[in-house]
Amino acid sequence: MVPTIAATDAPCSALSVIYTEEGMFESYQFPPSPNMVIVDTAIVAKAPTRLLVSGMGDALATWFEAEACSRTKSANMPGGVATEAALALARLCYDQLIEYGYEAKIACDADAVTPALERIVEANTLLSGIGFESGGLAAAHSIHNGMTAIEEMHHMYHGEKVSFGTLTQLVLQDSPREVLEEVLDFCVSVGLPITFAQLGLKEPSRDKIMAAATMATAPGETIHNLPWKVTAEDVADAMMAADALGREWL
Ligand SMILES: [Zn+2]
């Protein structure tokens with residue numbers, strides 16, 4: 001695998017996400033793991049910054065989803081249970097984003113390769129890849145999948161929707177205020193969306209949000225790795241509250 005952007009953690013995983021022609025989530029496929037992943041950071045630095053930032057949005061979910069799975073001993077992507085090593089890499093992924101994400105974004109704006117940019121390319125690609133595959137997914141990615149049902153958001157990238165899914169997961173699982181604030185602050189600093197309007201949905205009706213929440217809670221979705229029975233109503237409420245929180249924060 002020779003990715004020329006660091007916009008998702010897909011290159012290091014044995015997982016392909018299949019979408020319909022319209023951009024709606026369809027299914028997961030499990031091809032063999034790559035033998036080698038080579039990333040030239042000089043190429044990544046010259047790619048649009050929005051793609052690197054989107055990769056940070058994808059990586060932002062990794063720790064919170066792996067942590068949720070570890071609490072419930074839920075299966076990771078190959079069907080095993082997370083090791084402490086996988087959890088440590090998922091946590092390192094999050095810490096690197098918080099510490100170096102903003103500097104990496106600025107370096108990317110200048111098409112410059114810096115140590116911060118190198119760290120974020122590693123976090124987006126390798127740490128997040130191992131972190132989600134060996135740690136497991138939970139609500140953030142299910143909510144992303146649900147949001148693909150909203151036409152107004154079709155132009156947004158995977159990681160941009162995943163980061164809003166992360167914010168929603170934090171609301172849903174009643175995370176402490178300081179965690180929410182750290183995530184909101186990070187998103188604003190690098191330019192990740194924290195409201196429906198920023199995701200392209202100017203008039204969020206309950207029906208549209210419920211359609212996404214229903215898809216997010218479909219049988220087999222990883223949101224069911226959370227430690228209680230999650231309903232579509234719960235998810236719709238958490239999405240509305242996350243949006244309100246984002247607007248308030250801005
Ligand atoms: Zn992802």
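The name given to the protein in an unreviewed UniProt entry is Glycerol dehydrogenase, with the source organism recorded as Dethiosulfovibrio salsuginis. Word for word, the UniProt comment on the protein under Sequence similarities (unreviewed entry) is "Belongs to the iron-containing alcohol dehydrogenase family."

Draft legend 1. Highlighting the coordination of the zinc ion. Protein ligation of the zinc ion involves Asp 58 (OD), His 141 (NE2) and His 158 (NE2), the donor distances falling in the range 2.1 Å. If you list the donors of the zinc ion from N- to C-terminus, the spacing comes out as D-x82-H-x16-H. With His 141 in helix α5 (residues 139-147) and His 158 in helix α6 (residues 158-172), the pair connects residues that are 17 residues apart, well separated along the chain.

Draft legend 2. Quick look at helix α4 (residues 115-135). Along α4, the sharpest change in direction is near 40° and occurs at Ala 123. At the exit of α4 stands Gly 136, carrying a positive phi of roughly 105°.

Draft legend 3. Inspection of the nonpolar core at higher detail. By size, the foremost hydrophobic cluster in this structure holds 61 residues, and its most contacted members are Leu 52 and Val 235. With 9 residues, helix α2 (residues 49-72) is the single largest residue contributor to this core. Ignoring anything within four residues of it in the chain, the contact list for Leu 52 reads Ala 6, Val 44, Ala 104, Cys 108, Leu 117, Ile 120, Val 121 and Asn 124.

Draft legend 4. Representation of the pairing of strand β1 (residues 16-19) in the model. Of the pairings in the sheet, the one linking β1 to strand β2 (residues 25-29) comprises 4 bridges and is antiparallel in character. Each bridged residue has a counterpart across the sheet, and for Val 17 the counterpart in β2 is Tyr 28. The turn linking β1 back onto β2 is made up of 5 residues, and Gly 23 within it adopts a positive phi angle of 90°.

Draft legend 5. Molecular detail of the packing of aromatic side chains. For the structure shown, the criterion picks out 3 aromatic pairs. Ring geometry for Phe 164 against Phe 196: centres 5.3 Å apart, planes inclined by 50°, an arrangement best described as tilted. Residue Phe 164 is found in helix α6, and its partner Phe 196 is found in the loop between α7 (177-190) and α8 (206-216); the two are separated by 32 residues along the sequence. Accessibility assignment for this pair places Phe 164 and Phe 196 in one class, buried. Above the plane of the ring of Tyr 157 lies Arg 50, whose end atom (NZ or CZ) is 4.1 Å from the centre.

Draft legend 6. Region of the structure containing the packing of α6 against helix α9 (residues 232-249). Closest axis-to-axis distance for the α6/α9 pair is 8 Å, and the angle between their directions is 110°. Here α9 runs roughly perpendicular to α6, going by the angle between their axes. Crossing handedness for the pair α6 and α9: right-handed. Two secondary-structure elements touch here, α6 through Phe 164, Leu 167, Thr 168, Val 171 and Leu 172 and α9 through Asp 234, Val 235, Ala 238, Met 239, Ala 241, Ala 242, Asp 243 and Leu 245. The residue makeup of the contact of α6 with α9, split by class, is 10 nonpolar, 1 polar and 2 charged.

Quick notes on the rules
Residues numbered from 1 in each chain as written. Predicted model: local features only at pLDDT ≥ 70, side-chain atom pairs only at ≥ 80, totals over all residues. Heavy atoms only, no water. UniProt positions renumbered as here; feature names shortened; annotations may be inferred. Donors = N, O, S within 2.8 Å, 3.2 Å for Na, K, Ca; no water. Helix = DSSP H or I, 4+ residues; strand = E, 2+ residues; numbered from the N terminus. Bend = angle between axes of the 7 residues up to and from the residue. Core = buried A, V, L, I, M, F, W, Y, C linked by side-chain atoms within 4.5 Å. Buried < 20%, exposed > 50% of the residue type's maximum accessible area, 1.4 Å probe, protein only. Contact = heavy atoms within 4.5 Å. Pairing = 2+ DSSP bridges. Phe/Tyr/Trp six-rings, centres within 6.5 Å; stacked < 30°, edge-to-face > 60°. Lys NZ or Arg CZ within 6 Å of the ring centre and 35° of its normal. Axes fitted to C-alpha atoms, helices over the stretch in contact; angles between N-to-C directions. Parallel < 35°, antiparallel > 145°, perpendicular 65-115°, else oblique. Left-handed = near helix turned anticlockwise from the far one by under 90°. Nonpolar A, V, L, I, M, F, W, Y, C, P; charged D, E, K, R; others polar.

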